[in-house]
Amino acid sequence: MRELLVVLLGSLLFLTACRGDVKMTADAVEDRASMPGLDASVVTTLISDSGITRYRITTQTWQIYDKATPVYWEFPDGIYLEKFNADLDIDTWLRSDYAYYDEEAQVWELRGHVRSMNADSEFFETPQLFWNQKTERIHSDSSISITRESSIIQGVGFDSNQELTKYTILNPTGVFPVKE
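About the thresholds
Residues numbered from 1 in each chain as written. Predicted model: local features only at pLDDT ≥ 70, side-chain atom pairs only at ≥ 80, totals over all residues. Heavy atoms only, no water. Pairing = 2+ DSSP bridges. Helix = DSSP H or I, 4+ residues; strand = E, 2+ residues; numbered from the N terminus. Salt bridge = Lys/Arg side-chain N within 4 Å of Asp/Glu carboxyl O. Buried < 20%, exposed > 50% of the residue type's maximum accessible area, 1.4 Å probe, protein only. 1 Å grid on protein atoms, 1.4 Å probe; cavity = no way out; pocket = protein on both sides within 12 Å on 5 of 7 lines; lining within 4 Å. Points joined across faces, edges and corners; volume = space filled by probe spheres on them. Nonpolar A, V, L, I, M, F, W, Y, C, P; charged D, E, K, R; others polar. pLDDT = per-residue confidence, 0-100. Core = buried A, V, L, I, M, F, W, Y, C linked by side-chain atoms within 4.5 Å. Contact = heavy atoms within 4.5 Å.

Colleague: Is there a simple way to explain the pairing of strand E2 (residues 52-65) in this structure?
Modeller: Every other side chain in a regular strand lies on the same face of the sheet, so the side chains alternate between the two faces. Note: strand E1 (residues 38-49) against E2, 11 bridges, orientation antiparallel. Within E2, the residue paired with Ser48 across the bridge is Thr53. Connecting E1 to the next strand, E2, in antiparallel fashion are two residues, including Ser50 with a positive phi near 55 degrees. Here E2 pairs with strand E4 (residues 79-84) via four bridges, running antiparallel. The residue of E4 that forms the bridge with Tyr55 is Lys83. Sheet topology places E2 next to strand E3 (residues 72-75); three bridges connect them, and they run antiparallel. If you follow Ile64 over to E3, its bridge partner there is Trp73.

Next up, the structure:
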């Protein structure tokens, strides 16, 4: 009798749970431009050119706002970029706590502990920089520190080629060794 009661009670709960008169709905999306079309977590991607791997991008969060004007990508948890040489060794790298990419203008904004190493092993640190892919230039109006083999150059504002090998510090400071 007890077993029959358990079976009847289970069947009653099952039938009650299967009733179709409770509808679950979500509110309509009013502003599609404010929602990412892609929201990916823990991403590592390789970028190649002519079949040769050139870059690796790693990020915790990659959001693409494909209905926004302008279309943009956002990396709220930061980004790490590696550029490879012909032997697939890491030639240069760049890291920031936050990144934003304007797809139409082809301009990157990197913020928060932006750090980079160029092919000459010079180490760059700044709180913010902009990389314009159309003009192939990097610039910043923020403080900059460049650690070289024999000196540290500091200043406010800089302009550079995208490889960070030919640059101008706008308001330089620092200690420079001088050969007599």
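From this point, the narrative continues.
Colleague: What is the right way to look at the pattern of salt bridges in this model?
Modeller: When their charged atoms lie close together, side chains carrying opposite charge are able to pair. If you walk through the whole model with that rule in mind, you get five salt bridges. Notably, a salt bridge pairs Asp159 with Arg137, separated by 2.5 Å at the nearest N-O pair. Taken together, the residues Asp159 in strand E10 (residues 152-161) and Arg137 in strand E9 (residues 137-147) connect sequence positions 22 residues apart. According to the relative accessible area criterion, Asp159 is partly exposed, its value standing at 30%.

Colleague: Teacher, can you tell me more about empty space enclosed by the protein here?
Modeller: Any empty space left between atoms is shown by rolling a water-sized probe over those atoms. Applying the stated criterion across every chain, the model contains one cavity of 30 Å³ or more. By volume, the largest cavity is sized at about 30 Å³. Val114, Arg115, Ser116, Phe124, Thr126, Leu129, Ile144, Phe158 and Leu164 together form the lining of the largest cavity. Broken down by secondary-structure element, the contributors of at least two residues to the lining of the largest cavity are strand E7 (107-117) and strand E8 (123-132). Along the lines of polarity and charge, the residues of the lining of the largest cavity split into six nonpolar, two polar and one charged.

Colleague: Even after reading the chapter, I still don't get the confidence of the model for the protein, so can you show me in this structure?
Modeller: Low pLDDT marks regions whose predicted coordinates should not be analysed in detail. For the protein, per-residue confidence averages 86 on the pLDDT scale, and 82% of positions sit at 70 or higher. Of all secondary-structure elements in the protein, the lowest mean pLDDT belongs to helix H1 (residues 2-17), at 49, while strand E6 (residues 98-102) reaches the highest, 97.

Colleague: Explain unusual backbone geometry to me, please; I cannot follow it from the model alone.
Modeller: Note on backbone geometry: most residues besides glycine have negative phi, and most peptide bonds are trans. Backbone torsion omega between Thr69 and Pro70 reads 0 degrees, so that peptide bond is classified as cis. Within the secondary structure, Pro70 is located in the loop between E2 and E3. A positive phi angle, close to 60 degrees, is found at Gln106, a residue other than glycine. If you trace the backbone, Gln106 turns up in the loop between E6 and E7. You will see that Leu164, though not glycine, has its phi angle at about 60 degrees, which is positive. Positionally, Leu164 belongs in the loop between E10 and strand E11 (167-175).

Colleague: What's the story with the nonpolar core in this structure? I'm lost.
Modeller: In a soluble, globular protein the nonpolar side chains are often hidden away together inside. One finds Trp73, Phe75, Ile79, Trp108, Leu110, Ile146 and Phe158 to be the most contacted residues of the largest nonpolar core, which totals 26 residues. Residues in contact with Phe158, not counting those within four places in the same chain, are Leu129, Ile138, His139, Ser140, Ile144, Leu164, Thr168, Ile169 and Leu170.

Colleague: Honestly, the layout of surface pockets in this entry has me stumped. Any pointers?
Modeller: Size it by volume and the largest pocket reaches roughly 360 Å³. Forming the walls of the largest pocket are 14 residues, and the residues nearest its centre are Ile47, Ile57, Trp108, Trp131 and Gln133. Broken down by secondary-structure element, the contributors of at least two residues to the lining of the largest pocket are E2, E4 and E7. Considering every element that reaches the lining of the largest pocket, the biggest residue donor is E2, with three residues. Taken together, the residues that form the lining of the largest pocket break down as 12 nonpolar, two polar and no charged. Here the second largest pocket is characterised by a volume of approximately 290 Å³. Lining the second largest pocket are 17 residues, with Tyr55, Lys83, Thr92, Gln162 and Glu163 sitting closest to its centre. Breaking the lining of the second largest pocket down by element, the ones donating at least two residues are E4, strand E5 (90-96) and E7. Of all the elements, E5 adds the most residues to the lining of the second largest pocket, at four residues. Taken together, the residues of the lining of the second largest pocket break down into nine nonpolar, five polar and three charged.

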